Amino acid sequence: MSDVAQGKQRAQDNVPAFDEAAFEQAFAQAQQDMMDVVEAEQAHAQPAQEALDLDRPGEMDPLLQRIRETRPGS
């Protein structure tokens with residue numbers, strides 16, 4: 001009967017050593033990727049927000065302005 005079948009194999013068999021440098025490099029790359037995504041989302045959201053602010057046809061409606069003035073906290 002083999003050692004594996006008897007549960008006597010060594011715990012370190014075929015376990016690669018942890019590569020700290022590779023881990024840190026992969027972590028840094030993941031952080032950079034995440035920052036790139038956030039920057040892209042912010043760049044995309046900024047023009048959309050500006051377009052919403054500029055394209056408000058109701059802003060000139062006197063009735064809407066009066067309603068807004070009479071509501072507290074608006």
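Please refer to the structure higher up on the page.
As the structure is a computational prediction, the values presented were derived from the model and not from experiment. (Residues numbered from 1 in each chain as written. Predicted model: local features only at pLDDT ≥ 70, side-chain atom pairs only at ≥ 80, totals over all residues. Heavy atoms only, no water.)

S.K.: I'm lost on the overall build of the protein in this one. Help?
M.R.: A tally of regular secondary structure across the protein gives two helices and zero strands. In the protein, buried positions account for 0% of the 74 residues. Summed over all atoms, the accessible surface of the protein reaches about 7100 Å², with 56% contributed by carbon and sulfur. (Helix = DSSP H or I, 4+ residues; strand = E, 2+ residues; numbered from the N terminus. Buried < 20%, exposed > 50% of the residue type's maximum accessible area, 1.4 Å probe, protein only. Areas by Shrake-Rupley, 256 points an atom, 1.4 Å probe, with all protein chains shown as cover.)

S.K.: Please explain the packing of aromatic side chains as it appears in this structure.
M.R.: In this description, an aromatic ring pair is defined by two values, namely the gap between the centres and the angle between the planes. Per the counting criterion, the structure on display carries two aromatic pairs. When the centroid spacing of 6.2 Å and the interplanar angle of 25 degrees are considered together, the rings of Phe 23 and Phe 27 count as stacked. Pair noted here: Phe 23 and Phe 27 are both in helix H1 (residues 20–54), with a separation of four residues, about one helical turn. The exposure class of Phe 23 is partly exposed, given its relative accessible area of 44%. The rings of Phe 18, Phe 23 and Phe 27 are connected pair by pair, giving a single aromatic cluster. (Phe/Tyr/Trp six-rings, centres within 6.5 Å; stacked < 30°, edge-to-face > 60°.)

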